[in-house]
Amino acid sequence: MESIRKRAKELLDSKQVQVIIGYENGTSNKVRASFIKDSAQVDKLIYDERCTQNLALYLVKHEVKHLGKMGIVATIPAMRTINMLISEEQVKPENIVVLGIGEDGKLLDFPDLTVMESFLQKANIELTAKDKEAIEKLKKMTTQEKFDYWSNALETCFKCYACRSACPLCYCTRCAVECNQPQWIPVQASKNGNYEWHMLRAMHLSGRCVSCGDCGRACPLDIPVHLLTMHMAEESKRLFGVDSGLSMKMESVLSNYKLDDKDNFIL
Amino acid sequence: MSEFEPKIVAFVCNWCTYAGADLTGTSRIKYAANVKIIRFPCTGRIDFMLLMKAFQNGADGIIVSGCHPNDCHYSSGNFHAKRRWMAFRELLDYMGVDVERITFSWVSAAEGARWAEIVNTTTEKLRKLGPYTNYQNLVKSGIEEEL
Amino acid sequence: MELERKLIKKASLEKLYQKLQANGNKIFAPIIKDGKTEFHYNPSYAEVTYDHIQTIQSLKNTVFPKIENLVRFTTDRNGTEVTEVDLAKVPSLVLWGAHPCDAAGFKALKSIFMWDYKDEYFNSRMNKMVVIGLSCYKCDDNCFCTSVGLNPGATNGSDILLTKLSTGDYLAEIITEKGKEIVNAAAELFEAAPAEAKEGNLAQVKQQFSHEKVTKNLAGAFEHPFWVENSLRCIGCGACAFVCPACACFDIQDETKGKTGKRLRCWDSCGFGLFTIHTSGHNPREVQSQRWRQRIMHKFSYMPERNESLGCIGCGRCSRACPVDMNILEQLIALEKIQ
Ligand code: SF4
Ligand code: SF4
Ligand code: SF4
Ligand code: SF4
């Protein structure tokens, strides 16, 4: 924690960045994102196990971007997101400084982003045991059971789009779910409308999702939508050998191909 | 009781499968009339949501077909399509959509007989699987407060 | 109507519930499912709970459903034929166990839907609904009903208000004619009022700000740096608005299939960037801080001014639901003090 504050102060004082995006204490024992512009305020910054939000989300937020160069406290999923956002040309590497946080919660020094890249190549990016177990359980179900599980789990969704807004890689200003000429997804937050909305989201994040879990955490109704995108992340790895966000030059999985892509179902 | 006749929507590319299906006709090969063909410029254009549109509108099964690898009129459209299907098929399966109801195939402009065979076997398979009531119920299920 | 006080034994509550159900009413009551308390339609009485602080979702779905089918239509060569929905089909509904803030929430909604234009969809549902309220005996630190002119035993909005007494039986306050009809139809279940006052059986919710002061401050605060400073972390989702019992924004969309279609009214949120965007691409509320300002302004400045009602009943749902800890209470306390 002290090391984060110290580094943040250095960066602000030396004008290398104009804002530090980090975590601060919130209400009711919650933590939340903090935007420190003045080095006198760095003592607000904290880091502990409650700090799970993927702050890379704010790198593409209009009002934050416009504050100037950004220093960001980044957990491993956030670092992967940064790589994705750079690959997808949403963030310019020269505009950010990363205050990495390793698995042990300690500050990592990244003099430049290539060091972060090499750190990530070796970092543990496995899903949590809980998510892994939930996905395995789902995979073992019969088709009918899976259908029932998802159509029921998604039935309550009221399309508040908190899952989408919380996802740093759902940055489109105009989402296909809102497109009505043609109407791809039924407008209604009904079983069918919800089912297809989440199918669309999972597909659009295939090979891009960094498995941070923020979409599921954001859902006010506790719908485990992260299990959809995380599964697709696992599948991208299995089918195409791609783990998203490990370098600043990721090829987009679904807009590329290899001649030897192996399917087992096309007649 | 009359036998169940599945409704099948085929999404095919203009350059190979559509031409192939045309050849089936001009060669006077008979095949199941259950299929409704929709022509696309390229398999690369077949968005995954189009398949869902077909199910939404009552299709019991779907065929997606285009040029064999390396034969794409636009050189790589079918390779892109293949990747997308590989991912999408996994997602469908994970969400409980019956992937057996979707046939993916490569049919060239010269393979009129093969097209007939693909349609016939798909139709046979779907006759056994029966109507896709699961999805149709999902579409029909309304909202509690609807008047 | 003058308020009447009666006693209803715990065991009689079940009988009342069953009677209302047997009379063909749809019942909307709180039950615990997967560890969460939410209202559901027609649960069995055994499932009904009286112990929740607040549900995640509000109860506005009963009168302002997340999807309201406004009309059905068919189009062909000869033109469009429109079929109105039959509002007479709105079922009689008993809202069972709504907390006082939620009951008051309907008044806030009414001040919008029955303001200049009278919305018949809302009105029909409202007329067919009876609210059996339930006083709160516990609260959490997101609750602030007492700061917006309500309290854990407020009768405003309920037809009958139940308060659990130390004996385990319930005090029933009969507030409206609708409430009285229910009591009269089940007179055998109600007994003479107890001596015990309800006050001792209510949660203690400390008043944390003066809403009059907030309203006053907001009048000159449109350009205040407060908005930008306090909303940088807001991610512009609709969670706060969708769980809010007093948020009434909607979007109307047509959904068509071939020649037939429905015109639907769906919930919307001022927090979405798409909410105000024009066809030209211009967006009068370009950034999130302006949208957050709108949310607070609407509830605490525009509504009191135009609708003679606050747009917030202090349930704290938005604070609990917000993924990034935008706590409305914290912000209102700060707004009471801004210059
Ligand atoms: S956050 Fe939850 S309720 Fe909101 S759109 Fe996503 S899944 Fe639906
Ligand atoms: S889809 Fe969910 S888990 Fe994946 S990157 Fe987005 S928020 Fe994180
Ligand atoms: S603004 Fe928040 S606290 Fe106020 S009524 Fe709505 S959800 Fe409840
Ligand atoms: S205040 Fe919270 S719930 Fe509301 S739009 Fe902002 S992030 Fe979403």
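Residues numbered from 1 in each chain as written. Chains lettered and ligands numbered in written order. Predicted model: local features only at pLDDT ≥ 70, side-chain atom pairs only at ≥ 80, totals over all residues. Heavy atoms only, no water.

(A) How the structure looks around the interface of chain A and chain C. With 41 residues of chain A at the interface, the matching set in chain C holds 38 residues. Taken together, the two surfaces of chain A and chain C that pack against each other cover about 3,000 Å², and 56% of this comes from carbon and sulfur. The largest contributions to the chain A side of the interface with chain C come from A:Arg32, A:Glu63 and A:Phe158, which together make up 20% of the buried area. Run the count over chain A and chain C and you get 3 salt bridges. A:Lys30 is the salt-bridge partner of C:Asp325, the closest N and O atoms lying 3.8 Å from each other. Counting the contacts that link chain A with chain C gives 18 residue pairs in polar contact (both at pLDDT 80 or more). (Contact = heavy atoms within 4.5 Å. Buried area = accessible area lost by both parts, 1.4 Å probe. Salt bridge = Lys/Arg side-chain N within 4 Å of Asp/Glu carboxyl O. Polar contact = N/O pair within 3.5 Å; in protein donor to acceptor, adjacent residues only side chain to side chain.)

(B) Structural context of the layout of surface pockets. Approximately 1,300 Å³ is the volume attributed to the largest pocket. In this structure, the largest pocket is lined by 49 residues; those nearest its centre are A:Gln183, A:Pro186, A:Val187, C:Gln253 and C:Glu255. Listing elements by their share of the lining of the largest pocket, those giving two or more residues are helix H8 (191-204) of chain A, helix H2 (48-56) and helix H5 (133-140) of chain B together with strand E11 (250-257) and strand E12 (260-267) of chain C. With 7 residues, E11(C) is the largest single contributor of residues to the lining of the largest pocket. Considered class by class, the residues forming the lining of the largest pocket number 16 nonpolar, 20 polar and 13 charged. (1 Å grid on protein atoms, 1.4 Å probe; cavity = no way out; pocket = protein on both sides within 12 Å on 5 of 7 lines; lining within 4 Å. Points joined across faces, edges and corners; volume = space filled by probe spheres on them. Helix = DSSP H or I, 4+ residues; strand = E, 2+ residues; numbered from the N terminus. Nonpolar A, V, L, I, M, F, W, Y, C, P; charged D, E, K, R; others polar.)

(C) Structural context of the site of ligand 1. Lining the immediate surroundings of ligand 1 are 14 residues, of which A:Cys157, A:Cys160, A:Tyr161, A:Cys163 and A:Cys219 lie closest. Put simply, the parts of the chain that give the shell around ligand 1 at least two residues each are helix H7 (162-166) and H8 of chain A. (Near = heavy atom within 4 Å.)

(D) Geometry of the domain arrangement of chain A. All names here are of chain A. Here chain A is partitioned into domain 1 (2-122) and domain 2 (129-240). Taken together, the contacts link 13 residues of domain 1 with 12 residues of domain 2. Between domain 1 and domain 2 the total buried area reaches about 1,000 Å² when both faces are included, carbon and sulfur atoms providing 61% of it. Broken down residue by residue, the surface that domain 1 buries against domain 2 is led by Leu57, Met84 and Glu88, which jointly contribute 37%. Our enumeration of links across domain 1 and domain 2 arrives at 1 salt bridge. Across the pair Glu88 and Arg208 runs a salt bridge, and its minimum N-O distance is 2.8 Å. For the interface between domain 1 and domain 2, the tally reads 4 residue pairs in polar contact (both at pLDDT 80 or more). (Domains from an automatic or database assignment.)

(E) Local environment of unusual backbone geometry. Phi angles above zero are rare outside glycine, and A:Ser28 is one such case at about 45°. With respect to the secondary-structure elements, A:Ser28 resides in the loop between strand E1 (19-25) and strand E2 (31-36).

(F) How the structure looks around the packing of helix H6 (residues 143-153) of chain A against H5(B). With their axes 12 Å apart at the nearest point, H6(A) and H5(B) run at an angle of 10° to one another. Considering the angle they form, H6(A) stands roughly parallel to H5(B). Here A:Gln144, A:Phe147 and A:Ser151 of H6(A) come into contact with H5(B), specifically with B:Asn134, B:Tyr135 and B:Leu138. Each residue belonging to the contact of H6(A) with H5(B) can be placed in one class, and the counts come to 3 nonpolar, 3 polar and no charged. (Axes fitted to C-alpha atoms, helices over the stretch in contact; angles between N-to-C directions. Parallel < 35°, antiparallel > 145°, perpendicular 65-115°, else oblique.)

(G) How the structure looks around the state of the cysteines. Taken as a whole, this structure holds 1 disulfide over all chains when the rule is applied. The disulfide bridge from B:Cys16 ends at B:Cys67, spanning 2.4 Å between sulfur atoms. Between B:Cys16 and B:Cys67, the S-S dihedral sits near 100°, and the bridge is therefore right-handed. Taken as a pair, B:Cys16 in the loop between strand E1 (8-13) and helix H1 (17-26) and B:Cys67 in the loop between strand E3 (61-66) and helix H3 (77-95) lie far apart in primary sequence, 51 residues in all. Pair check on accessibility: B:Cys16 and B:Cys67 agree, each one buried. Looking at the unpaired C:Cys247, the closest cysteine sulfur is the one in C:Cys244, lying at 3.7 Å. (Disulfide = S-S within 2.5 Å. Buried < 20%, exposed > 50% of the residue type's maximum accessible area, 1.4 Å probe, protein only.)

(H) Structural context of the packing of aromatic side chains. Scanning the model with the defined rule gives 37 aromatic pairs over all chains in all. Ring geometry for C:Phe242 against C:Phe272: centres 6.0 Å apart, planes inclined by 80°, an arrangement best described as edge-to-face. Within this pair, whereas C:Phe242 is found in helix H7 (residues 239-243), its partner C:Phe272 is found in the loop between E12 and helix H8 (288-306), the two being separated by 30 residues in sequence. Taken as a pair, C:Phe242 and C:Phe272 share a single burial class, namely buried. Ring pairs connect the aromatic residues A:Phe158, A:Tyr161, A:Trp197, C:Phe64, C:Phe113, C:Phe122, C:Phe242, C:Phe250, C:Trp267 and C:Phe272, which therefore count as one cluster. In this structure, A:Arg164 is placed above the aromatic ring of A:Tyr161, and the distance from its NZ or CZ to the ring centre is 4.1 Å. (Phe/Tyr/Trp six-rings, centres within 6.5 Å; stacked < 30°, edge-to-face > 60°. Lys NZ or Arg CZ within 6 Å of the ring centre and 35° of its normal.)

(I) Seen up close, the pairing of strand E4 (residues 102-106) of chain B. Residue and element names in this part refer to chain B. Burial within E4 is extensive, with 5 of its 5 residues counted as buried. Side-chain alternation along E4 places Ile102, Phe104 and Trp106 on one buried face and Thr103 and Ser105 on a second face that is also buried. Relative to E4, E3 runs parallel, the two sharing 5 bridges. Each residue of the ladder has a partner; that of Gly66, found in E4, is Trp106. In the classification by handedness, the crossover that spans E3, the intervening H3 and the parallel E4 is right-handed. (Pairing = 2+ DSSP bridges. Right-handed = clockwise from strand over helix to strand, strands pointing away.)

(J) Geometry of the pattern of salt bridges. Overall, the coordinates contain 37 salt bridges over all chains when judged by the stated rule. In this structure, A:Lys44 and A:Glu24 form a salt bridge, with 3.6 Å as the shortest nitrogen-oxygen distance. With a gap of 20 residues between them, A:Lys44 in the loop between E2 and helix H2 (62-65) and A:Glu24 in strand E1 connect regions that are remote in the sequence. Residues C:Arg320 and C:Asp140 are paired through a salt bridge, measuring 2.8 Å at the closest nitrogen-oxygen approach. With a gap of 180 residues between them, C:Arg320 in helix H9 (residues 317-321) and C:Asp140 in the loop between strand E7 (129-134) and strand E8 (160-164) connect regions that are remote in the sequence. Linked by salt bridges that have partners in common, A:Glu24, A:Lys30, A:Arg32, A:Lys44, C:Asp325 and C:Glu330 make up one network.

(K) Structural view of the sheet that holds strand E4 (residues 96-101) of chain A. Residue and element names in this part refer to chain A. With respect to topology, 5 strands assemble into an open sheet ordered E2-E1-E3-E4-E5, the strand pairing being mixed. Strands with a single pairing partner mark the edges of an open sheet, and in this sheet they are E2 and strand E5 (107-108). Of the strands in this sheet, E1, E2, strand E3 (70-74), E4 and E5 touch helix H1 (residues 2-13), which is tilted by about 170° from E4. Set on the sheet, helix H3 (residues 76-87) makes contact with E3, E4 and E5; between it and E4 the angle comes to about 150°.

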